[in-house]
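Residues per chain are reported as follows:
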Amino acid sequence: MFRIFSWMKTKSGTFTDEKIIPYVFTLSDGPMLFRDLLKTNKMYQEGLKLEGKIPGFRLSIGRSYLVFIGLWHLFILPISVLFHPFLAKIDCHLLIIMAILFTGMFFATYAIYKEYLIDTVALKIIKNGWENHFPHFDYDLHAKEVAKIYSEALEKEIPHKNMQLYILDKLVENK
């Protein structure tokens, strides 16, 4: 999965974290299970689609559309005011084609926006679970390593009850 907005760590990113995500998502207060953390972290590190596969959150589609429509209008209204004299003189057939293109752009950008929100919430949930299960290991330094060790453990068919000890032993060995 291509993470388009992963570079975005500005004020708009904090606005998204503080205002939009709590409005659009319902997050669980319970801690993430260890095996769910490993599975989700592995999927996130491999860039797989996460929607519907992460326990602990629910997306409100209606609220996400409301937020996106508001953001879309912040972008499109100044452009339409700027180009209104030009657009008023264009043939109606061309305007119909432009309306179809803008509708397509709306839904395509909504899909990108929704994926961005889900990736942001997934990372937040993974980091919260990481603090619970791996408090002595930094997420940014060890997330890929844990995903790799988890893949090896699955190949070796390590039982889930021994998985945490196996992964911690491997992390300590590699450190």
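Residues numbered from 1 in each chain as written. Predicted model: local features only at pLDDT ≥ 70, side-chain atom pairs only at ≥ 80, totals over all residues. Heavy atoms only, no water.

**A word on the overall build of the chain**
Selection criterion: Here a helix means four or more residues in a row that DSSP labels H or I, a strand means two or more in a row labelled E, and each is numbered from the N terminus. Within these notes, the globule rule equals 2.2 Å times the number of residues to the 0.38 power, and the radius of gyration is based on C-alpha atoms.
Of regular secondary structure, the chain possesses 6 helices and 2 strands. Its helices and strands taken in sequence order, the chain reads α-β-α-β-α-α-α-α from the N to the C terminus. Expected size for 175 residues packed as a compact globule is a radius of gyration near 16 Å; at 21 Å, the chain overshoots this value by more than 25%. Considering only C-alpha atoms, the chain reaches an extent of 70 × 30 × 25 Å along its principal axes.

**Some points on the environment of Asp-138**
This is how the line gets drawn: Any residue under 20% of the maximum accessible area for its type is buried, any over 50% is exposed, and the rest in between are partly exposed; the area is computed with a 1.4 Å probe on protein chains only.
Locating Asp-138 in the fold gives a position in the loop between helix H4 (92–133) and helix H5 (139–155). We classify Asp-138 as partly exposed; its relative accessible area is 40%. Between the alpha carbons of Asp-138 and Pro-55 there is a distance of 22 Å; along the sequence they are 83 residues apart.

**Details of unusual backbone geometry**
Outside of glycine, negative phi angles account for most residues, and trans bonds account for most peptide bonds. A positive phi is found at Glu-157, a non-glycine position, where the angle reads about 60°. With respect to the helices and strands, the residue Glu-157 is situated in the loop between H5 and helix H6 (160–174).

**Quick notes on the packing of aromatic side chains**
Definition in use: Only centres within 6.5 Å qualify two rings of Phe, Tyr or Trp (six-membered ring in Trp) as a pair; their planes then separate them into stacked at under 30 degrees, edge-to-face at over 60, and tilted for everything else.
In total, this model carries 12 aromatic pairs according to the counting rule given. With 5.1 Å between their ring centres and 55° between their planes, Phe-68 and Phe-106 make a pair best called tilted. Pair noted here: Phe-68 is in helix H3 (residues 61–88) and Phe-106 is in helix H4, with a separation of 38 residues, a long-range link. Of the two residues, Phe-68 and Phe-106, neither departs from the other in class, the shared state being buried.

**Observations regarding the nonpolar core**
Convention followed: Nonpolar core, defined: a set of buried Ala, Val, Leu, Ile, Met, Phe, Trp, Tyr and Cys residues in which side-chain atoms within 4.5 Å join the residues together. Should any heavy atoms of two residues lie within 4.5 Å, those residues are counted as being in contact.
Ranked by size, the top nonpolar core spans 42 residues in total, and within it Phe-25, Leu-38, Leu-117, Phe-134 and Ile-167 carry the most contacts. At the level of secondary structure, the elements contributing two or more residues to this core comprise helix H1 (11–24), helix H2 (34–46), strand S2 (57–59), H3, H4, H5 and H6. Sort the elements by how many residues they give to this core and H4 lands first, with 12 residues. The residues contacting Phe-134, other than those within four sequence positions of it, are Phe-34, Leu-37, Leu-38, Val-146, Ile-167, Leu-168 and Leu-171.

**Details of the side chain of His-142**
Its place among the elements puts His-142 in helix H5. Its relative accessible area of 11% is what places His-142 among the buried residues. Setting aside residues up to four positions removed in sequence, His-142 forms contacts with Trp-130, Phe-137 and Leu-171.

**So, the packing of H4 against H5**
As a reminder, the rule being used: Convention adopted: a line fitted to C-alpha atoms gives each axis, helices being fitted over their contacting stretch, and angles between N-to-C directions are expressed from 0 to 180 degrees. Throughout, the term roughly parallel applies to angles under 35 degrees, roughly antiparallel to angles over 145, roughly perpendicular to angles from 65 to 115, and oblique to all others. Asp, Glu, Lys and Arg are counted as charged, while Ala, Val, Leu, Ile, Met, Phe, Trp, Tyr, Cys and Pro are counted as nonpolar; the rest, among them Gly, fall into the polar class.
Contact geometry for H4 and H5: axes closest at 12 Å, N-to-C directions at 95°. Taken together, the axes of H4 and H5 are roughly perpendicular relative to one another. Contacts between H4 and H5 pair Leu-123, Ile-126, Lys-127 and Trp-130 from the former with Tyr-139, Asp-140, His-142, Ala-143 and Val-146 from the latter. In terms of residue class, the contact of H4 with H5 is built from 6 nonpolar, 1 polar and 2 charged.

**Focus on a nonpolar patch on the surface**
Note the threshold: Patch membership requires over 30% relative accessible area and the absence of a salt bridge. Like charges are linked within 9 Å, and nonpolar side chains (Val, Leu, Ile, Met, Phe, Trp, Tyr) within 5 Å. Here the open area of atoms and residues is found with the Shrake-Rupley method and a 1.4 Å probe, where only the protein chains shown may cover a residue. We define a salt bridge as a contact between a side-chain nitrogen of Lys or Arg and a carboxyl oxygen of Asp or Glu at a distance within 4 Å.
On the surface, a nonpolar cluster with roughly 550 Å² of combined accessible area is contributed by Phe-75, Ile-79, Leu-82, Phe-83 and Phe-86. Leu-82 gets classed as exposed once you look at its relative accessible area, which sits at 64%.

**Re the packing of H5 against H6**
As a reminder of what qualifies: Note on convention: near helix rotated counterclockwise from far helix by under a right angle means a left-handed crossing. Clockwise means right-handed.
Viewed as axis vectors pointing N to C, H5 and H6 meet at an angle of 130°, and their least axial separation amounts to 10 Å. Judged by the angle between their axes, H5 and H6 are oblique. With respect to the hand of their crossing, H5 and H6 are arranged in right-handed fashion. Taking contact as the criterion, the partners of His-142, Glu-145, Val-146, Ile-149, Tyr-150, Glu-152, Ala-153 and Leu-154 in H5 are, on H6, His-160, Met-163, Tyr-166, Ile-167, Lys-170, Leu-171 and Asn-174. Residue classes in the contact of H5 with H6 are distributed as 9 nonpolar, 3 polar and 3 charged.

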